[in-house]
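Now for the letters of each chain:
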Amino acid sequence: MKIFRSESLVDYNTYTFNYAIYCRQDAASETDEIYRQGFLPYSNSLDVKENYHYLARSLRVELDEFTPTSENRRVDRKTQDIQPRLSVIEKSDFVKDAAFDQFCLDYAAIRFDGKMPAERFDYIYNWPYLNKIFEFKDVDNQRLGYVFAIITDEILHYWFSFYDLQHSRLGLGKWMMYKVIEWAKNAGLKEVYLGTCYGEKAMYKMRDFKGLSYYDGNQWQPDMKKLKAKCKSDSNFVADDFKMDI
């Protein structure tokens with residue numbers, strides 16, 4: 001793996017001269033270390049041919065501290081109306097057909113504001129370290145949703161999810177995340193990585209699960225009150241934490 005910096009935003013008013021931090025992954029054996037240092041897979045540009053990751057404020061579940069919350073149990077009860085079932089499929093065994101693509105792209109068109117056309121969807125699906133697909137179906141064997149996951153012997157990255165928005169009122173998206181975390185704990189993994197945590201829209205992640213910590217650029221922090229305050233102030237960002245603390 002190689003960690004490097006790329007010159008980024010400049011603000012002379014606050015003397016802020018940013019360098020974005022990236023990591024190039026060279027082998028599957030580096031996956032755990034890369035996530036534990038706060039990096040996430042970079043998929044924004046289809047022109048990037050190597051396996052780059054970006055450093056960001058991200059969220060993870062420490063599975064030795066994870067237990068179901070009242071919200072987890074509430075969503076579990078609500079979804080029993082459709083009797084959802086979970087299957088974990090090796091990507092190498094998964095059938096990626098036109099119906100699957102359309103299901104995911106229909107979801108992405110609404111939830112990702114057009115930022116995931118078919119080309120980007122294929123780019124993400126073909127990410128070399130993406131190795132598991134969580135498939136959710138109802139009692140009638142109808143598609144409910146999918147989760148793209150990167151899994152090693154110790155960690156799971158809950159990367160992208162796609163689900164039937166007709167079941168949003170049941171909290172299907174929340175239920176899928178809960179069930180993947182529960183599966184990881186039962187499988188003996190140590191951590192589940194839930195992606196970035198910026199802005200108030202991301203706050204549902206920190207409300208729903210126990211055992212959370214976030215990467216602050218230097219280390220993993222368990223203070224969810226501080227993370228909540230950060231998310232609420234993201235839209236009114238003035239300067240970096242160091243300058244705000246002086």
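Residues numbered from 1 in each chain as written. Predicted model: local features only at pLDDT ≥ 70, side-chain atom pairs only at ≥ 80, totals over all residues. Heavy atoms only, no water.

**What to know about the nonpolar core**
Worth spelling out the cut-off: Side-chain atoms within 4.5 Å are what join buried Ala, Val, Leu, Ile, Met, Phe, Trp, Tyr and Cys residues into a set we call a nonpolar core. Exposure categories follow from relative accessible area, calculated using a 1.4 Å probe and restricted to protein chains: below 20% of the type maximum is buried, above 50% is exposed, and the middle band is partly exposed. Elements are defined by DSSP. Helices are runs of H or I of four residues or more, strands are runs of E of two residues or more, and each kind is numbered from the N terminus. In what follows, a contact means two residues having at least one pair of non-hydrogen atoms within 4.5 Å.
Within the largest apolar cluster, 65 residues are counted, with the highest numbers of intra-cluster contacts made by F148, L156, F162, I181 and L194. At eight residues, helix α5 (residues 172-186) tops the list of elements feeding residues into this core. Residues in contact with L156, not counting those within four places in the same chain, are F134, A149, I150, I151, V180, W183, A184, L189, E191, V192 and Y193.

**Quick word on the sheet that holds strand β10 (residues 191-196)**
Cut-off, in case you're wondering: Two strands form a pair only when DSSP identifies at least two bridges running between them. Axes here refer to lines fitted to C-alpha atoms; in helices the fit is confined to the stretch in contact. Angles between the N-to-C directions go from 0 to 180 degrees.
The eight strands are arranged β6-β7-β8-β9-β10-β5-β11-β12 in an open sheet whose pairing can be described as mixed. With partners counted over all chains shown, the strands left at the sheet margins are β6 (85-90) and β12 (220-221), one partner each. Relative to strand β8 (residues 143-151), strand β7 (residues 132-137) runs antiparallel, the two sharing six bridges. Counted as the bridge partner of F134 is V147 from β8. The strands touched by helix α3 (residues 98-111) are β8 and β9 (155-163); relative to β8, the strand with the most contacts, the crossing angle is about 90°. With respect to the sheet, α5 is in contact with β5 (58-62), β6, β7, β8, β9 and β10, its orientation differing from that of β9 by roughly 155°.

**Some points on the packing of helix α2 (residues 70-78) against α5**
Convention followed: Here a crossing is called left-handed whenever its near helix is offset anticlockwise from the far helix by less than a right angle, and right-handed whenever the offset is clockwise. Residue type decides the class: Asp, Glu, Lys and Arg count as charged, Ala, Val, Leu, Ile, Met, Phe, Trp, Tyr, Cys and Pro as nonpolar, and the leftover types, Gly among them, as polar.
Viewed as axis vectors pointing N to C, α2 and α5 meet at an angle of 115°, and their least axial separation amounts to 9 Å. When you trace α2 past α5, the crossing you get is left-handed. Contacts from E71, N72, V75 and D76 in α2 reach K174, W175, Y178 and K179 in α5. Of the residues contributing to the contact of α2 with α5, the split by class is three nonpolar, one polar and four charged.

**Examining the sheet that holds strand β1 (residues 2-11)**
In space, the four strands of this open sheet follow the order β1-β2-β4-β3, with antiparallel pairing throughout. The sheet is open, and its two edges are formed by β1 and β3 (39-41), each paired on a single side. In this sheet, adjacent strand axes meet at a mean angle of 35° when their direction is disregarded. Bridge count between β3 and strand β4 (residues 52-55): three bridges; the pairing is antiparallel. Looking at the pairing, L40 lines up with Y54 of β4.

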